[in-house]
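# Notes for the structure review
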Amino acid sequence: QASFQSQPCPPTQALFFLLPSSLESSHLFRMASKAIFNKIEAGVKAKGSDLVKMGGAVFQLVISDAGDDNKLCIDLKNGNGSTTRGDGAKPDVTI
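Overview of the structure. As the structure is a prediction and not an experimental result, all values here were calculated from the model.

Reading guide: rules and limits
Residues numbered from 1 in each chain as written. Predicted model: local features only at pLDDT ≥ 70, side-chain atom pairs only at ≥ 80, totals over all residues. Heavy atoms only, no water. Buried < 20%, exposed > 50% of the residue type's maximum accessible area, 1.4 Å probe, protein only. Helix = DSSP H or I, 4+ residues; strand = E, 2+ residues; numbered from the N terminus. Pairing = 2+ DSSP bridges. Salt bridge = Lys/Arg side-chain N within 4 Å of Asp/Glu carboxyl O. Contact = heavy atoms within 4.5 Å.

It is worth spelling out the pairing of strand β1 (residues 57-62) at this point. With 5 of 6 residues buried, β1 lies mostly within the body of the structure. Looking at chain direction, β1 and strand β2 (residues 71-76) are connected through 6 bridges and run antiparallel. Bridge assignment links leucine 61 to a residue of β2, and that residue is leucine 72. For β1 and strand β4 (residues 93-94), the ladder comprises 2 bridges, and the chain directions are parallel. When the sheet's bridge partners are listed, phenylalanine 59 is paired in β4 with valine 93.

Written out as structure tokens, the structure reads:
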């Protein structure tokens, strides 16, 4: 079990910084999973080092309705952050 007490915010909060602030939750569910993954990947690429400071964990996202492209691993724990399509090696959190 990972402990996040030393982090400045809960690790899942860092994921929400990757999505556009104008995106309402009802629109989020209408967006295709691939488009959401693309936004997350772009956010990690642009702000990875800042997100690592906030995240402190490796997240595995699994979207049940995304077909073959249904998994994204987001590393907000190591280096400048990174994303990998598919399964991550050692995720701390699976969503």
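Picking up after the structure, the text goes on.
Once that is clear, we can look at the pattern of salt bridges. Enumeration over the complete set of coordinates arrives at 3 salt bridges. The partner of lysine 77 in a salt bridge is aspartate 92, and the shortest N-O contact between them spans 3.2 Å. Residue lysine 77 is located in the loop between β2 and β3 (82-85), and its partner aspartate 92 is located in the loop between β3 and β4; the two are separated by 15 residues in the primary sequence. Using a relative accessible area of 42% as the deciding quantity, one classes lysine 77 as partly exposed. Look at aspartate 92 and you get partly exposed, because its relative accessible area is 32%.

By secondary structure assignment, the location of glycine 55 is in helix α3 (residues 33-55). Distance in space between the C-alpha atoms of glycine 55 and asparagine 78 is 9.9 Å, their sequence separation being 23 residues.

A few words now on the environment of glycine 48. One can find glycine 48 in helix α3. Assessed through its relative accessible area of 4%, glycine 48 is described here as buried. Each C-alpha atom, one on glycine 48 and one on glycine 81, is 4.7 Å from the other, the two residues being 33 residues apart in sequence. Excluding its chain neighbours within four sequence positions, the residues that come into contact with glycine 48 are Gly43, Asn80 and Gly81.

We now examine the environment of isoleucine 74. Structurally, isoleucine 74 is set in strand β2. Taking the relative accessible area as the measure of exposure, isoleucine 74 reaches 0% and is therefore buried. Sequence-wise, isoleucine 74 and valine 58 are 16 residues apart; in three dimensions their C-alpha atoms are separated by 5.7 Å.

By themselves these figures say nothing about function.
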